[in-house]
Amino acid sequence: MTDTTHVPLHADPAALRALATSSVELILQLQDASGAYPASPTFSAYAGYSWFRDGAFIADAMSAVGEAESATKFFDWCSSILLAREGQIERINACAAAGNPVPDGEMLAARFTFAGGDGTDEWWDFQLDGYGTWLWAVAVHAQRHNLDLRRWSHGIRLAVDYLLSSWQRPCFDWWEENAALVHGSTLGCIAAGLAAIADSGILGDEQAVNVRAAVSEIVATLTERGLTDGHLAKWLGSSEVDASLVAIIAPLGVFAASDLIGRRTISAVDTELTVGDGTHRYLADTFFGGGQWPLLSCFLGLAYTAAGDRARALALLTWAASTASSSNALPEQVGEHLLDRSMTQVWIDRWGTVAQPLLWSHAMYIRLAVELEIVEVRA
């Protein structure tokens, strides 16, 4: 699907830097006093909620650009949510150990109100990936800024135990779809989080051994059942590719960009899902017509950066920048190249126009801009 010539838009370093700077300021401005990052301040279905997954990537971007206090506040918020649900987590783990797992509706939610509540709106809430992403991001943050990870030790222990008991369960994917399947990106997020915590030294010796064993089993599951044509697959047994899979390569690092699986996954996402540097989620996508997502182009750019292809990464960053509004607000997706135009109005009628700004889009733009040294890291 990709335009193999990859002719980038004009990459004006000053303009790219200005958007990264304004993105940092936007996230700082919109971060709630609780520490939660709003998904989008105005989009009807997202307003008032913060996701562990999206927020962890936002926090990682803020940490990487030098806004350590902002990231710390988010990690504090996540830890407080876990501590408030300690009894629920212990029950989930006990039932799983007894061979009688709780129903999906009794598992932890994917998103929470800023005050830490589960929310009252109906949602596709059982998603495991966010807890792995939080573990990865908090461990990287502590290492990056020489912070004491014990600040979050209780929440870390709860998240680790929760994932150890439940990582094999089917659940909704990044896109809140396909609840009956086990997804490659979900397993990758869990493996990255558990591995980062095992390497951090915060766990006792016995628990660290158990966690590393689980990581090995998850990676083996991906390599034995989660590949198609040599690249990572959308879910176990699938022949499809999903753009979320490049996150497993970078920034999560479960598979190296230089390894065969990494190279083939990057190539599949670029070839099958990317048009003119704008990346689709997956080929059957109909959400708002199935447009191109700036944050996914940035994830792909991070993978290319890890693979040593700075020029390709810069082209993807430049395309992402081109989707910003006149007020520098980045959208969730754009409709320049739609996979199913007939579904656009269906979603507009349901939820209104596409989310803009989407803080996750701004965060991934920042993260790639940092990696490409477009923007300076704040002291």
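Calculation notes
- Residues numbered from 1 in each chain as written.
- Predicted model: local features only at pLDDT ≥ 70, side-chain atom pairs only at ≥ 80, totals over all residues.
- Heavy atoms only, no water.
- Helix = DSSP H or I, 4+ residues; strand = E, 2+ residues; numbered from the N terminus.
- Rg over C-alpha atoms; globule rule 2.2 N^0.38 Å.
- Buried < 20%, exposed > 50% of the residue type's maximum accessible area, 1.4 Å probe, protein only.
- Contact = heavy atoms within 4.5 Å.
- Areas by Shrake-Rupley, 256 points an atom, 1.4 Å probe, with all protein chains shown as cover.
- Phe/Tyr/Trp six-rings, centres within 6.5 Å; stacked < 30°, edge-to-face > 60°.
- Axes fitted to C-alpha atoms, helices over the stretch in contact; angles between N-to-C directions.
- Parallel < 35°, antiparallel > 145°, perpendicular 65-115°, else oblique.
- Left-handed = near helix turned anticlockwise from the far one by under 90°.
- Nonpolar A, V, L, I, M, F, W, Y, C, P; charged D, E, K, R; others polar.
- Core = buried A, V, L, I, M, F, W, Y, C linked by side-chain atoms within 4.5 Å.
- Salt bridge = Lys/Arg side-chain N within 4 Å of Asp/Glu carboxyl O.
- Pairing = 2+ DSSP bridges.
- Expected span 1.5 Å × (residues − 1).

Each helix and strand counted, the chain has 14 helices and seven strands in total. Compactness check: the chain gives a C-alpha radius of gyration of 19 Å against a globular reference of 21 Å for 379 residues, within 12% of the reference. Along the first, second and third principal axes, the C-alpha atoms of the chain reach 55 × 45 × 45 Å. Residue burial in the chain is summarised as follows: out of 379 residues, 58% are buried. Long-range pairs, those at least 24 residues apart, make up 73% of the contacts in the chain between residues at least 6 apart in sequence. Carbon and sulfur atoms make up 50% of the accessible area of the chain, which totals about 14,400 Å².

Moving on: the packing of aromatic side chains. Under the criterion given, the structure shown has 32 aromatic pairs. Residues Y46 and W123 carry aromatic rings whose centres are separated by 6.4 Å and whose planes lie at 80 degrees to one another, so their mutual orientation is edge-to-face. Of the two residues, Y46 sits in the loop between α1 (13-30) and β1 (49-51) while W123 sits in the loop between β2 (111-113) and α5 (129-144), which places them 77 residues apart along the sequence. Here Y46 falls in the buried class, since its relative accessible area comes to 8%.

Here we take up the packing of helix α10 (residues 260-273) against helix α11 (residues 294-306). Put simply, α10 and α11 touch, their axes get as near as 11 Å, and they point 140 degrees apart. Classified by the interaxial angle, the pair formed by α10 and α11 is oblique. α11 is crossed by α10, and the crossing has left-handed handedness. Here α10 contributes I266, V269 and D270 to the contact with α11, which in turn contributes L300, A303 and Y304. When grouped by side-chain class, the residues that make up the contact of α10 with α11 number five nonpolar, no polar and one charged.

Among the nonpolar cores identified, the biggest contains 133 residues, and Y46, W134, Y162, L194, F299 and Y365 are the most heavily contacted of them. When sequence neighbours within four positions are dropped, the list of residues in contact with F299 reads F57, W174, V246, A247, A250, P251, W360 and M364.

Here we take up the pattern of salt bridges. Taken as a whole, this structure holds 22 salt bridges when the rule is applied. The closest approach of N and O atoms between E69 and K73, which form a salt bridge, is 3.6 Å. Linking E69 with K73, this pair stays in helix α3 (residues 68-84), spanning four residues, or about one helical turn. The exposed category is assigned to E69, whose relative accessible area is 56%. Judged by its relative accessible area of 38%, K73 falls in the partly exposed class. R312 is the salt-bridge partner of D277, the closest N and O atoms lying 2.7 Å from each other. Residue D277 is located in the loop between β5 (274-275) and β6 (278-280), and its partner R312 is located in helix α12 (residues 310-322); the two are separated by 35 residues in the primary sequence. For D277, a relative accessible area of 3% puts it in the buried group.

Examined against the element boundaries, H141 turns out to sit in helix α5. Relative accessible area serves as the criterion here: at 0%, H141 is assigned to the buried category.

Taken in spatial order, the three strands line up as β5-β6-β7 in an open sheet, and their pairing is antiparallel. Edge positions in the open sheet fall to β5 and β7 (292-293), since each of these has one partner strand only. Sheet topology note: the β5/β6 ladder contains two bridges and is antiparallel. By the bridge assignment for β6, V275 is matched with G278.

Counted at 1.5 Å a residue, the expected span for helix α2 (residues 52-64) with its 13 residues is 18 Å, and the 18 Å between its end C-alpha atoms agrees. Taken across its 13 residues, α2 has 13 buried, putting it largely inside the fold. Remark: G66 follows α2 within two positions and exhibits a positive phi of approximately 105 degrees.

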